[in-house]
Amino acid sequence: MTTTDDRSGKPAERPPLKWYWKLTGCLFFGYAILYMLMPALNSFGIESIRCEVISAKPYTSSGGTRGSASTAGVLVETTNCGKIHVSQGVAFDNQEEVAASFKASSEYEFDLGWFSRVVTKDITHDIPSAQGYRLVE
């Protein structure tokens, strides 16, 4: 059933969508696409940064619906780079060992992808994820 205009008998035209609803939709879908591409964007443009470690502790990050997906990791606090999340090679059964392997007051080199360096650290001021790390001797 179509709605018609009272006088002409022609189908009634829908009013145009407001600009702010279009903008909201574009921003939502843009964010969703960026979020889905995050692993790919974090796997290129990898650069190493040197940071002095203060401490490291086991850290479990959660995501998904109501936090249903959990990832084991280690949260490393540094003097000159802030906090860095390490999850490569970390499982729930070796989380404590990996955290204990970091030596306080030692310098480490962390490999950060483009997304972690630019978007996560600089724009959203969140905790970047390291692709790898090594002790600098």
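Below is a short write-up of the structure. (Residues numbered from 1 in each chain as written. Predicted model: local features only at pLDDT ≥ 70, side-chain atom pairs only at ≥ 80, totals over all residues. Heavy atoms only, no water.)

### Comments concerning the state of the cysteines
- This structure, assessed with the given rule, holds one disulfide.
- Residue C51 pairs covalently with C81 via a disulfide, S to S 2.1 Å. Disulfide C51 to C81: torsion about the S-S bond roughly -95 degrees, handedness left-handed. Note that C51 is positioned in strand β1 (residues 47-63) and C81 in the loop between β2 (69-78) and β3 (83-86), a separation of 30 residues in sequence.
- Relative accessible area serves as the criterion here: at 11%, C81 is assigned to the buried category. (Disulfide = S-S within 2.5 Å. Helix = DSSP H or I, 4+ residues; strand = E, 2+ residues; numbered from the N terminus. Buried < 20%, exposed > 50% of the residue type's maximum accessible area, 1.4 Å probe, protein only.)

### Comments concerning the pairing of β3
- The pairing of β2 with β3 spans four bridges and is classified as antiparallel. Residue pairing for β3: E77 is matched across the bridge by K83.
- Count of turn residues in the β2/β3 antiparallel hairpin: four residues, of which G82 carries a positive phi of about 80 degrees.
- As paired strands, β3 and strand β5 (residues 129-135) are joined by two bridges and run parallel to one another. Paired with H85 across the strands is S129, a residue of β5. (Pairing = 2+ DSSP bridges.)

### Describing the pattern of salt bridges
- A complete count under the given rule lists five salt bridges for this structure.
- Salt-bridge contacts for E47 lead to R117; the nearest nitrogen and oxygen are separated by 3.6 Å. Of the two residues, E47 is situated in strand β1 and R117 in helix α3 (residues 114-123); the sequence distance between them amounts to 70 residues.
- A salt bridge links E109 to R50, with the nearest nitrogen and oxygen atoms 3.3 Å apart. Of the two residues, E109 is situated in strand β4 (residues 107-112) and R50 in strand β1; the sequence distance between them amounts to 59 residues.
- A relative accessible area of 45% places R50 in the partly exposed class. (Salt bridge = Lys/Arg side-chain N within 4 Å of Asp/Glu carboxyl O.)

### Quick notes on a nonpolar patch on the surface
- There is a patch of nonpolar side chains on the surface, built from L17, W19, Y20, W21, L23 and L27 and spanning about 720 Å² of accessible area.
- Here L17 shows up in the segment before α1 (19-41). (Patch = residues over 30% accessible without salt bridge, like charges linked within 9 Å, V, L, I, M, F, W, Y side chains within 5 Å. Areas by Shrake-Rupley, 256 points an atom, 1.4 Å probe, with all protein chains shown as cover.)

### Section: the nonpolar core
- Ranked by internal contacts, the top residues of the largest apolar core, which has 16 residues, are V74, V76, I84, V86, F102 and F110.
- When contributions to this core are tallied by element, the ones reaching two or more residues are β1, β2, β3, α2 (95-101) and β4.
- Beyond its immediate sequence surroundings of up to four residues, F102 is in contact with V53, A56, V74, V76, V86, Y108, F110 and Y133. (Core = buried A, V, L, I, M, F, W, Y, C linked by side-chain atoms within 4.5 Å. Contact = heavy atoms within 4.5 Å.)

### Remarks on the pairing of β5
- When β4 meets β5, the two strands line up antiparallel, connected through five bridges. Within β5, the position partnered with D111 by the bridge is G132.

### Some points on the packing of aromatic side chains
- Tallied over the entire structure, the rule returns nine aromatic pairs.
- Relative to F110, the ring of F102 lies with its centre 6.4 Å away and its plane at 15 degrees, an arrangement referred to as stacked. We note that F102, like F110, is buried.
- On the basis of an interplanar angle of 35 degrees and a centroid distance of 6.3 Å, the ring pair of Y108 and F110 is categorised as tilted.
- Here a set of aromatic residues connected by ring pairs shows up, and it is made of F102, Y108, F110 and Y133. (Phe/Tyr/Trp six-rings, centres within 6.5 Å; stacked < 30°, edge-to-face > 60°.)

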